[in-house]
Amino acid sequence: MQHPSPHPGADPVSADVDTGNTAAGGRLRTPSLRRTLIVTLALLAVGVLLLATAVAPGADARPGPSRSWSPAAETETVRILGIGEFSGALDRPVGFQGELRDGSGNVRPAGGGAHLAATIGKLRDQADNSLLLATGDAIGGTTPEAALLDDRPTVQFFNRLGVDGVGVGKRELEKGGTHLRSLVTPGCRTDEDCRTDPPLPPFHGAAFPFLATNAVPSPDAAPTFPFSIHRVGDVRVGVVALTPPRTGDDDSMQLSDPVRALDEAVEALRFLGVETIVGLVHAHPVHGNLDPGACPEELGDLDVTRDLNPAVDALVVGASGGPATCRFLDAENDERVVVAPASHGRSVTVVDLAVDPATGDVVRPLTAAFNQTVNLDIAPDAGTVEFIRQAKAAAAP
């Protein structure tokens, strides 16, 4: 049975049904049935990874010769929207984390949950088919509503936005598997039991999967998945997410080599017939760019942007130090879009993938990308304004 989609055109494998969490634009999300289906997807993913390895025991997951870009008469556009390093910033932060440079070189205020929701709504309205993703470091931050309420308002806000998948970053690793599990399965059943932060709505957990392609499965590990598959219009889109291994993090979240893990995930996705693949990458700060339209060269020097499997058609990079809109050559000398959203909800990256419907391949020369600043000159989303008011009231002494 196919359930209603959270927003037009996007129908993830983990189907959605109506919930008490209101999405931007009036749509509703619920994590309960979605979580059950996600568990099924996780079991399928593990089985496919094993089967793909068994079918080609010595095969390199990277494709062979450079592909020939010969699209069908028409391509289908799939819009990928990206949020980066949100850090629980429901309110626009004071200082540089609430500012961006405009096209004239002037630094202007940007961000805030209500304006982010309004911006995403407008970007969705411009496209028939879209997918909304977020890089790691989505949780955390020092605002009272994030710190005092254990990131629950951030997850509820992402449910409202209709986020389709979230990567794992430094903050998720630092907080550990137990904390992440509490955000996915809070352990309550009824609305009354789940109303932990009044006047906020009951908290039923994340209505989206946390993705960590190179996480090592274990009984104590956080509930993450190696990849997700979404039907966006007539196109199946695979999403992978990489987090470089770190030392000193919670032992319940062990990470393997990201490049090798990605190769295995790509092999599994292609075994399942998925050719359109988007990667979420958690990086480390390498530049201080404030211009969303610029491409800092340092971003292209990162191993994660240079060496990743060329089957990944576009990369959304978080925590690189600032926004960026780039095109770099992959290992097969094909141009690949690499974008970085500004942190704290100050910009939304937009990648319009041109997909050949006959093959599912992305026609990269026809793919467009830009970085939309979350400006304050548009009307804020009214529902989000009220939600933030409730979050502040819940966190008040």
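Described in the following lines is the structure provided in the data block.

Conventions used here
Residues numbered from 1 in each chain as written. Predicted model: local features only at pLDDT ≥ 70, side-chain atom pairs only at ≥ 80, totals over all residues. Heavy atoms only, no water. Helix = DSSP H or I, 4+ residues; strand = E, 2+ residues; numbered from the N terminus. Buried < 20%, exposed > 50% of the residue type's maximum accessible area, 1.4 Å probe, protein only. Contact = heavy atoms within 4.5 Å. Areas by Shrake-Rupley, 256 points an atom, 1.4 Å probe, with all protein chains shown as cover. 1 Å grid on protein atoms, 1.4 Å probe; cavity = no way out; pocket = protein on both sides within 12 Å on 5 of 7 lines; lining within 4 Å. Points joined across faces, edges and corners; volume = space filled by probe spheres on them. Nonpolar A, V, L, I, M, F, W, Y, C, P; charged D, E, K, R; others polar. Disulfide = S-S within 2.5 Å. Expected span 1.5 Å × (residues − 1).

## Brief notes about the overall build of the protein chain
At step 1: Of the regular secondary structure elements, the protein chain holds 10 helices and 18 strands.
At step 2: Out of the 397 residues in the protein chain, the part that is buried amounts to 56%.
At step 3: Expressed as a percentage of contacts within the protein chain between residues at least 6 apart in sequence, the contacts between residues at least 24 apart total 76%.
At step 4: Only carbon and sulfur atoms are counted for the fraction: they give 52% of the accessible area of the protein chain, which is about 15900 Å².

## Focus: the layout of surface pockets
At step 1: Counted as a void, the second largest pocket has a volume near 450 Å³.
At step 2: In this structure, the second largest pocket is lined by 27 residues; those nearest its centre are E85, P285, A319, S320 and G321.
At step 3: In terms of residue class, the lining of the second largest pocket is built from 10 nonpolar, 11 polar and 6 charged.

## Remarks on the state of the cysteines
At step 1: Enumeration according to the criterion identifies 2 disulfides in this entry.
At step 2: Once the bonded cysteines of the protein chain are numbered in order along the sequence, the disulfide links fall as 1-2, 3-4.

## Details of helix α7 (residues 258-271)
At step 1: Its 14 residues place the ends of α7 20 Å apart at the C-alpha level, agreeing with the 20 Å of an ideal helix rising 1.5 Å per residue.
At step 2: Where α7 ends, the next residue or the one after it, G273, has phi of about 85°, a positive value.

## Digging into unusual backbone geometry
At step 1: Residue P199 follows P198 across a cis peptide bond; omega there is 10°.
At step 2: Structurally, P199 is set in the loop between α6 (191-194) and β9 (210-211).
At step 3: For D137, which is not glycine, the phi dihedral falls at a positive 65°.
At step 4: Relative to the helices and strands, D137 resides in the loop between β7 (130-134) and α3 (144-147).

## With respect to the side chain of R152
At step 1: With respect to the helices, strands and loops of the structure, R152 is situated in helix α4 (residues 152-161).
At step 2: Among all residues touching R152, those that are not within four sequence positions of it are L183, T196, D197 and F203.

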